[in-house]
Amino acid sequence: MRKLLYSTIISIIGLAGYAQKTAVSDSISEPKETQKNSRLDFDIELKTSHLWRGLVISGTMTAMGNIHYALDKKQKLTVGLWGGNGFDGVYKEVDYYVQYQSNGFSIAVWDLFNTTGIESPAVFNYDRKTTTHVIDLRTSYQFPKSFPIRIEADFLLYGNDRELLNNLDYKNRYSTYVELAYPMYKNEKITLDAYLGAGFALNGKSHLYTTNPNSNFDIVNTGIRASKNIHVFQYKLPVSAVAMWNPALKIARIQLGVVLF
C-alpha cells in the first residue's frame, strides 16, 4: 500500500511541468495572490459553519484566521499558521503548514491540531499511538483554461488516523481524499463551480471520512460553490455560498462565508 501511496504522489507532482501560471488555493485556506508586495500577511474569514472534505467540523458560526509568510521573493514557498474558532466555544483548531505553489501546481504539508472534544490536548505529543495531531499532505493542480478542471489529492500520512489491530497495536490507514472541480459559469459578477470528492483508505478497512467501519471507498463531498464580490462603501468583500451533500453520511449543508480582509 505504501508503494501505491508514493506512486500516486509522484504522479501528481509530475503534472506540474505542464501547468499554466495560475495561482491555486488550498481547499481550506486561500493564500494571498503572489502579486502582493508584502511577504508577511494575514487573512480573516467568517463562515456560518466549517465544512471540510464533506465533514461538518463546526456547525456554528466560525471565525478563521491565516497568518502566512513567503520565504522567497516570488512568494512561491510559504509557511503559515491557520486557526479556527466556533462562536459557541466548542470548536478550536490550530494548524501549521508549509506550501509551495507555482504554475498551477500546489503541494503542502499541514499539521492539523483540532482540540474539539479533547479534555487535555497535548500540543507537543506526536506519539503514533496517542497523538491527536494529523499530518496531511495536500496536492492540487489547475489545468489550463482550455481544460479548466482542478484536481486535488490529499493524504493523511501520520497521526490520529489509526486502525486498531487484533494485537492491540495500531496501523496508519493513509486516508485519502480526491476531488475534481469544474467551473460551470462565470461572468463579471459571479462564479459558479461544481465539485465531487471521494474518500478511501490506502491501508485499512475504513477511512477518516466515513463512520462505517467496513467501508473503504465512498463519495463523501459533492456540491456547488458560488462566489462574487460585494461593495460596501469603498470596500470590496469577497463572499461565497456553498451547497454541500455527503452521500456517505447522508447529510446536506448550506454554508455562507465572507473574507473580511
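Since we're looking at a predicted model, the values are computed, not measured.

1. Notes on the sheet that holds strand β16 (residues 251-259)
Pairing is antiparallel in the closed barrel, where twelve strands are placed in the order β1-β4-β5-β6-β7-β8-β9-β12-β13-β14-β15-β16. For this sheet, the mean angle separating the axes of adjacent strands, direction not counted, is 20 degrees. When strand β6 (residues 92-102) meets strand β7 (residues 105-112), the two strands line up antiparallel, connected through seven bridges. Within β7, the residue paired with Q101 across the bridge is S106.

2. A word on a nonpolar patch on the surface
Taken together, the side chains of L40, F42, I67, Y69, L71, L77, L81, V98, Y100, V109, L260 and F261 make up a nonpolar region of the molecular surface, amounting to roughly 1,000 Å² of accessible area. Breaking the nonpolar patch down by element, the ones donating at least two residues are β1 (40-47), β4 (62-70), β5 (77-86) and β6. Within the fold, V98 resides in strand β6.

3. Some remarks on the layout of surface pockets
Counted as a void, the second largest pocket has a volume near 400 Å³. Every residue lining the second largest pocket is counted, 16 residues in all, and those nearest its centre are W52, I57, N114, V134 and L208. Taken together, the elements giving at least two residues each to the lining of the second largest pocket come down to β2 (50-52) and β3 (55-58). Looking at which element gives the most residues to the lining of the second largest pocket, the answer is β3, with three residues. When grouped by side-chain class, the residues that make up the lining of the second largest pocket number ten nonpolar, five polar and one charged.

4. Focus on unusual backbone geometry
Phi angles above zero are rare outside glycine, and Q75 is one such case at about 55 degrees. Relative to the assigned elements, Q75 resides in the loop between β4 and β5. Unlike most non-glycine residues, N103 shows phi in positive territory, near 55 degrees.

5. Structural notes on the nonpolar core
Counting 14 residues, the largest nonpolar core has W52, W82, W110, L112 and Y209 as the members making the most contacts within it. When residues in this core are grouped by element, the largest group, three residues, is from β7.

6. Structural notes on the packing of aromatic side chains
Summed over all chains, the structure comprises seven aromatic pairs. Judged by centre distance (4.5 Å) and plane angle (15 degrees), the rings of Y97 and W110 are stacked. Note that Y97 is positioned in strand β6 and W110 in strand β7, a separation of 13 residues in sequence. The class for Y97 is buried, based on a relative accessible area of 7%. Here W110 falls in the buried class, since its relative accessible area comes to 1%. Among the aromatic residues, ring-to-ring pairing joins W52, Y177 and Y209 into one connected group. We note R138 situated over the ring of W110; from NZ or CZ to the ring centre the distance is 3.9 Å. Positioned above the aromatic ring of Y170, the side-chain terminus of R162 is 5.7 Å from the ring centre.

7. Things to note about the pairing of β1
Residues in a regular strand project their side chains so that they alternate between the two faces of the sheet. Taken together, the eight bridges between β1 and β4 define a ladder with antiparallel strand orientation. Across the sheet, the residue bridging to F42 is I67, located in β4. Two strands pair when backbone bridges link them, and β1 and β16 are joined in this way by three bridges, in the antiparallel orientation. Pairing of L46 across the sheet is with V258, part of β16.

8. Comments concerning the environment of N214
In this fold, N214 is placed in the loop between β13 (190-201) and β14 (217-232). The sequence separation of N214 and G204 amounts to ten residues, and the corresponding C-alpha distance is 9.1 Å. In this structure, N214 is in contact with K205 and S206, ignoring residues within four places of it in sequence.

9. What about the pattern of salt bridges?
When the charged atoms of two side chains with opposite charge come close together, those side chains can pair. For the structure on display, the rule yields nine salt bridges. A salt bridge links R53 to D136, with the nearest nitrogen and oxygen atoms 2.7 Å apart. Of the two residues, R53 is situated in the loop between β2 and β3 and D136 in strand β8 (residues 134-142); the sequence distance between them amounts to 83 residues. With respect to class, R53 is no different from D136; both count as buried. Among the ionic pairs, K129 bridges to D169, the shortest N-O distance being 3.9 Å. Placement of the pair is K129 in the loop between β7 and β8 and D169 in the loop between β10 (162-164) and β11 (170-172), with a sequence separation of 40 residues. Each member of the salt-bridge network shares a partner with another, and the members are R53, D136, R138 and D154.

Thresholds, definitions, all that
Residues numbered from 1 in each chain as written. Predicted model: local features only at pLDDT ≥ 70, side-chain atom pairs only at ≥ 80, totals over all residues. Heavy atoms only, no water. Pairing = 2+ DSSP bridges. Helix = DSSP H or I, 4+ residues; strand = E, 2+ residues; numbered from the N terminus. Axes fitted to C-alpha atoms, helices over the stretch in contact; angles between N-to-C directions. Patch = residues over 30% accessible without salt bridge, like charges linked within 9 Å, V, L, I, M, F, W, Y side chains within 5 Å. Areas by Shrake-Rupley, 256 points an atom, 1.4 Å probe, with all protein chains shown as cover. Salt bridge = Lys/Arg side-chain N within 4 Å of Asp/Glu carboxyl O. 1 Å grid on protein atoms, 1.4 Å probe; cavity = no way out; pocket = protein on both sides within 12 Å on 5 of 7 lines; lining within 4 Å. Points joined across faces, edges and corners; volume = space filled by probe spheres on them. Nonpolar A, V, L, I, M, F, W, Y, C, P; charged D, E, K, R; others polar. Core = buried A, V, L, I, M, F, W, Y, C linked by side-chain atoms within 4.5 Å. Buried < 20%, exposed > 50% of the residue type's maximum accessible area, 1.4 Å probe, protein only. Phe/Tyr/Trp six-rings, centres within 6.5 Å; stacked < 30°, edge-to-face > 60°. Lys NZ or Arg CZ within 6 Å of the ring centre and 35° of its normal. Contact = heavy atoms within 4.5 Å.

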